[in-house]
Amino acid sequence: QVITVPGHTAGSIAVLDPTASVLVAGDALLTMGGPLAVPPDQFTDDMETAKQSVIKLGGFTFETLLVGHGNPIEGGASAQVAALGATF
């Protein structure tokens, strides 16, 4: 399932495989250098839209999260994305 996640860039997408319970978030999220986060302002076209995209992703269910920069989250990943979205 292709999910539009603008913000980092206008045409960003994520891909969800519900059967494997994996979300490929690309650059919409990162884990490099610390906990799960959105890319910093200097690398994001529209931060408010990026935050809304994270909130959107938190509404899906998946166990594994693959990000463009950083290590994957294996186990309970959608809960972590939803928790991040709740901080905005």
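Predicted model, so just to flag it, every value in this text is computed and none were measured.

*Asks:* Mind showing me how you'd approach the sheet that holds strand S2 (residues 13–17) here?
*Replies:* For sheets, the rule is that strands pair by backbone hydrogen bonds, running either parallel or antiparallel. Ordered by their spatial adjacency, 5 strands build an open sheet running S1-S2-S3-S4-S5, and the pairing between neighbours is mixed. Strands at the two margins of the open sheet, each flanked by one partner only, are strand S1 (2–4) and strand S5 (73–74). Taken together, the 3 bridges between S1 and S2 define a ladder with antiparallel strand orientation. Bridge pairing in S2 links Val-2 to Val-15.

*Asks:* I tried to follow the nonpolar core on my own but got confused; where do I start?
*Replies:* In a soluble, globular protein the nonpolar side chains are often hidden away together inside. Residues Leu-23, Leu-29, Leu-57, Leu-65 and Val-81 are the most contacted members of the largest nonpolar core, which totals 21 residues. Of all elements in the fold, only S2, strand S3 (22–30), helix H1 (47–57), strand S4 (64–69) and helix H2 (77–85) reach the threshold of two or more residues within this core.

*Asks:* Just to check I follow, could you spell out the pairing of S4 for this structure?
*Replies:* When a strand is regular, its side chains alternate between the sheet's two faces. Two strands pair when backbone bridges link them, and S3 and S4 are joined in this way by 5 bridges, in the parallel orientation. Residue pairing across strands places Val-24 opposite Leu-66, the latter belonging to S4. Following the backbone out of S3, through H1 and into the adjacent parallel S4, one traces a crossover that is right-handed. Looking at chain direction, S4 and S5 are connected through 2 bridges and run antiparallel.

*Asks:* I keep staring at the packing of H1 against H2 and nothing clicks. Help me out?
*Replies:* Packed helices, taken two at a time, are described by the angle between their axes plus the distance between the axes. At a minimum axis separation of 8 Å, H1 and H2 run at an interaxial angle of 140°. With respect to each other, H1 and H2 are oriented oblique. By crossing handedness, the relation of H1 to H2 is classed as left-handed. Where H1 abuts H2, its residues Val-54, Ile-55 and Leu-57 lie against Val-81, Leu-84 and Gly-85.

*Asks:* Help me out: how do you make sense of the side chain of His-8 in this one?
*Replies:* On the secondary structure map, His-8 appears in the loop between S1 and S2. Once residues within four sequence positions are removed from consideration, His-8 is found in contact with Asp-27, Pro-39, Phe-43, Thr-44, Asp-45 and Ala-50.

*Asks:* Please explain a nonpolar patch on the surface as it appears in this structure.
*Replies:* Taken together, the side chains of Val-2, Ile-13, Val-15, Val-24 and Leu-66 present a nonpolar region at the surface, about 380 Å² in accessible area. Within the secondary structure, Ile-13 sits in strand S2.

Reading the values: the criteria
- Residues numbered from 1 in each chain as written.
- Predicted model: local features only at pLDDT ≥ 70, side-chain atom pairs only at ≥ 80, totals over all residues.
- Heavy atoms only, no water.
- Pairing = 2+ DSSP bridges.
- Helix = DSSP H or I, 4+ residues; strand = E, 2+ residues; numbered from the N terminus.
- Core = buried A, V, L, I, M, F, W, Y, C linked by side-chain atoms within 4.5 Å.
- Buried < 20%, exposed > 50% of the residue type's maximum accessible area, 1.4 Å probe, protein only.
- Right-handed = clockwise from strand over helix to strand, strands pointing away.
- Axes fitted to C-alpha atoms, helices over the stretch in contact; angles between N-to-C directions.
- Parallel < 35°, antiparallel > 145°, perpendicular 65-115°, else oblique.
- Left-handed = near helix turned anticlockwise from the far one by under 90°.
- Contact = heavy atoms within 4.5 Å.
- Patch = residues over 30% accessible without salt bridge, like charges linked within 9 Å, V, L, I, M, F, W, Y side chains within 5 Å.
- Areas by Shrake-Rupley, 256 points an atom, 1.4 Å probe, with all protein chains shown as cover.
- Salt bridge = Lys/Arg side-chain N within 4 Å of Asp/Glu carboxyl O.

It is worth stressing that arrangement in space is one thing and function is another; only the former is reported here.
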